[in-house]
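Understanding the architecture of this molecule
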Protein chains: 2
Amino acid sequence: MHAITYELIHKDKFSRARAGILHTPHGDFLTPIFMPVGTQATVKSISPDELEELGAGIILSNTYHLFLRPGADLIEEAGGLHKFMHWNHGILTDSGGFQVFSLGELRKITEEGVTFRSHIDGSKKFLSPEISIEVQMKLGSDIAMAFDECIPYPADYNYTKESTERTHRWAERSLNAEKRNDQGVFGICQGGMYFDLRQHSAETLSEMDFDGFAIGGLSVGEPKNLMYEMLEVSTKYLPEDKARYLMGVGTPDHLIEGVARGVDMFDCVFPTRVARNGLAMVSPSTSAKGRLVMKNSCFTHDHEVLEKNCNCYACRNNFTRAYIRHLIRADEIFGLRLLTLHNLYYLQNFMRRMRESILADEFNNFREEFFSYCD
Amino acid sequence: MHAITYELIHKDKFSRARAGILHTPHGDFLTPIFMPVGTQATVKSISPDELEELGAGIILSNTYHLFLRPGADLIEEAGGLHKFMHWNHGILTDSGGFQVFSLGELRKITEEGVTFRSHIDGSKKFLSPEISIEVQMKLGSDIAMAFDECIPYPADYNYTKESTERTHRWAERSLNAEKRNDQGVFGICQGGMYFDLRQHSAETLSEMDFDGFAIGGLSVGEPKNLMYEMLEVSTKYLPEDKARYLMGVGTPDHLIEGVARGVDMFDCVFPTRVARNGLAMVSPSTSAKGRLVMKNSCFTHDHEVLEKNCNCYACRNNFTRAYIRHLIRADEIFGLRLLTLHNLYYLQNFMRRMRESILADEFNNFREEFFSYCD
């Protein structure tokens, strides 16, 4: 019995893109789906009501950050992450692996797990597959992730092979760790930038009884085409009846290319982070780069909205480019909020349109039209 | 014909407190009223919808800041400040005088006006009564303020007298400056910390045909009792049929003592600024100091709301002290937003309850009860 199930609704006739429904204890979500990131139990600058209103169905929160602060016990005591942060829809938590491995010199890997130093106070901490799952069970996310090593790029064949094998053993341990039955666990394929290891990892993970599968270790600095090739292999060897999640990917071009290779779920800090840097995401038909740098003086007297016909809070209410530019230049939080709301809405709407194109067997047209406008 | 009128509804039988209605081109507002501050065409961190929802009727925006950035011409071109910032209720703009005089060494006063350097780029600027009114007319605020000098504390008698007389001449010039007929102008009484000058200033201003009167130059560092004494004189010599506005005052104790001396309007950055410092305003019956320092470890496991029975967005939706503490410690913007919403709601509700006590001739009980809980 799986807490999370994937229902395949339609496969595009001319590509590997697929539309489906992800069933979770906190609701059913249409896929392909983009999950906004709420690292520290909040999607930066916006409220749960706003998240709901813009159509976000499931968000990602970070085990590493919450493990360190405020701690999983506190969140469990508060009734779990959903209640703590007042979000009654889906939550996926990562395993902490990615952040821990990003610490570089500050961590040490053994077969048992990873010892590392907290980026907050330098204190010594330890995460293992069992502890990561325990923490995620306390957080109470709908989808927990198996503990894995995200292999840096570049990495040689031998290291990649060893690490991928360890990730498989950790996947097994994650699966065998004590779990609640209202939470699902996804395994994570690795394999670095090697075709055979990617295939081997996807096949090995597929044998395990996970609720879904993630593709990890991509978008870590490798060239775009290499990423697409590795993704192609990974998804090819994953089962059709379970959800596929490409971790840490969220620019529109990557989302399209991920969907084209059969991916159902994505997460990325991109839309929220660039909002805080003063960038508005727009269709490449509005701006070939697909983004507006709001500080630019060309917007000083621009009394139009960020994007025509956009139904986000900012555009719908006629907050203009000139006003948003003023707010960003004046370091006003409300400017970041408006851009965050716009960017997240842009991506939700983008995914919705992509799904519709799949249902109509027109995904390739959607894809071609998008890239025809790009630089 | 006045664009702004004050309607006296009820005078408390046992004090000088009064309840009224301020009629403006953008609506009628019940007084006494507290105006949140939206310095740069936004009340920091929150949206116009949230402002409306928490019951703020009229806000203050700063001429000095908007004059420098983005400039009055741009806001006029955008259709005025109401449209620019998407706020369809009352707006009062100050004259810029207070900020200019706060610049200290960076400004030079002549009879004509004040030359100063921008805090943003150091460029040389000039404000006079006529220019300040012109800027405020372009902004399109409902209530513009006459250009005055806010006298520092302490200041000797001669300087105070000279400055106050100049403020009177500037008031006359502000009144005679070209104006739109859908905007009102308030005069500002000064007089420093001298009884006779306070009386003289209130009497002199009263002779001029302003839409209302402000009491300036208080809460600038003087002892609390001295402020109350000066306020007492100022309001005593102002006409009963026009609104009285105590500038820059907004802690609950000062609000009560202002109302007790016949003040109708207040503004202050206090509730929004302390929110950004992680403080929640609560009734002194909840905490004798009337505020909670959210970073304190006593809130780590506190799963109650900021204040019981509070109907603000944060409390109504059960965002707990433990969660808000986590957000503040993690430097999350949403924490500041929740505290800002709570604090502004707290003050709006505080003013509403104060008004009800006046209407019931029970203001003195309200006042006594409040102070009985304080440290």
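The following paragraphs examine the structure supplied in this document.

About the thresholds
Residues numbered from 1 in each chain as written. Chains lettered and ligands numbered in written order. Predicted model: local features only at pLDDT ≥ 70, side-chain atom pairs only at ≥ 80, totals over all residues. Heavy atoms only, no water. Contact = heavy atoms within 4.5 Å. Buried area = accessible area lost by both parts, 1.4 Å probe. Salt bridge = Lys/Arg side-chain N within 4 Å of Asp/Glu carboxyl O. Polar contact = N/O pair within 3.5 Å; in protein donor to acceptor, adjacent residues only side chain to side chain. Helix = DSSP H or I, 4+ residues; strand = E, 2+ residues; numbered from the N terminus. Nonpolar A, V, L, I, M, F, W, Y, C, P; charged D, E, K, R; others polar. Expected span 1.5 Å × (residues − 1). Buried < 20%, exposed > 50% of the residue type's maximum accessible area, 1.4 Å probe, protein only. Disulfide = S-S within 2.5 Å. Phe/Tyr/Trp six-rings, centres within 6.5 Å; stacked < 30°, edge-to-face > 60°. Pairing = 2+ DSSP bridges. Axes fitted to C-alpha atoms, helices over the stretch in contact; angles between N-to-C directions.

1. Some remarks on the interface of chain B and chain A
Each side of the interface is counted separately: chain B has 36 residues, and chain A has 36 residues. Of the roughly 3300 Å² buried between chain B and chain A, counting both surfaces, carbon and sulfur atoms make up 56%. Counting every contact that joins chain B to chain A gives 4 salt bridges. Taking the shortest distance from any N to any O, the salt bridge between E50 of chain B and R337 of chain A comes out at 2.8 Å. Put simply, chain B and chain A have 24 residue pairs in polar contact (both at pLDDT 80 or more) between them. Those elements that place two or more of their residues in the side of chain B that touches chain A are α1 (48–53), α3 (72–77), α4 (81–85), α13 (321–329) and α14 (333–359) of chain B. Of all the elements, α13 of chain B adds the most residues to the side of chain B that touches chain A, at 5 residues. Looking at the side of chain B that touches chain A, its residues break down into 18 nonpolar, 10 polar and 8 charged.

2. A look at helix α9 (residues 224–236) of chain B
Residues and elements named next belong to chain B. Here α9 contains 13 residues, and its C-alpha end-to-end distance of 18 Å stays within 8% of the 18 Å for a straight helix at 1.5 Å per residue. Three or more residues of α9 are buried, namely M227, Y228, M230, L231, V233, S234 and T235. Its buried side turned inward, α9 meets α8 (195–206), β12 (212–215), β13 (243–246) and α10 (252–260).

3. Section: the environment of M281 of chain B
All names here are of chain B. With respect to the helices, strands and loops of the structure, M281 is situated in strand β15 (residues 279–281). Here M281 falls in the buried class, since its relative accessible area comes to 3%. Sequence spacing of M281 and R291 is 10 residues, and the spatial spacing of their C-alpha atoms is 4.4 Å.

4. Some thoughts on the pattern of salt bridges
Residue and element names in this part refer to chain A. For the structure on display, the rule yields 44 salt bridges over all chains. In this structure, K138 and D73 form a salt bridge, with 2.6 Å as the shortest nitrogen-oxygen distance. A residue pair is termed long-range when its members are at least 10 positions apart, and K138 in helix α6 (residues 129–139) and D73 in helix α3 (residues 72–77) qualify at 65 residues. Looking at K138, the relative accessible area reads 19%, which means it is buried. One network of salt bridges, with partners in common, ties together R16, E232, E257, R261 and R367.

5. Some details on the state of the cysteines
All names here are of chain B. All chains considered together, the criterion is met by 0 disulfides over all chains. Free of any disulfide, C310 has its nearest neighbouring cysteine sulfur in C312, separated by 3.7 Å. Considering cysteine sulfurs only, C312 is the nearest to C315, which forms no disulfide, with 3.8 Å between them. Classification of C315 as buried rests on a relative accessible area of 7%.

6. Looking at the packing of aromatic side chains
Residues and elements named next belong to chain A. Using the criterion set out here, one finds 24 aromatic pairs over all chains in the structure. Taking 5.9 Å as the distance between ring centres and 25 degrees as the angle between the ring planes, the aromatic pair formed by F319 and Y323 counts as stacked. Y323 carries the same exposure label as F319, and that label is buried. Ring geometry for F350 versus F366: centroids 5.5 Å apart, planes at 55 degrees, classification tilted. With F350 in helix α14 (residues 333–359) and F366 in helix α15 (residues 363–373), the pair connects residues that are 16 residues apart, well separated along the chain.

7. Quick look at the sheet that holds strand β7 (residues 107–109) of chain B
Residue and element names in this part refer to chain B. One open sheet accounts for 3 strands, arranged β7-β8-β9; its pairing is antiparallel. Two strands close off the open sheet at either side, each with one partner strand: β7 and β9 (124–127). Direction aside, the axes of adjacent strands within the sheet are offset by 15 degrees on average. As paired elements, strand β8 (residues 114–117) and β9 share 4 bridges and run antiparallel to each other. Note on β9: the bridge partner recorded for T115 is F126.

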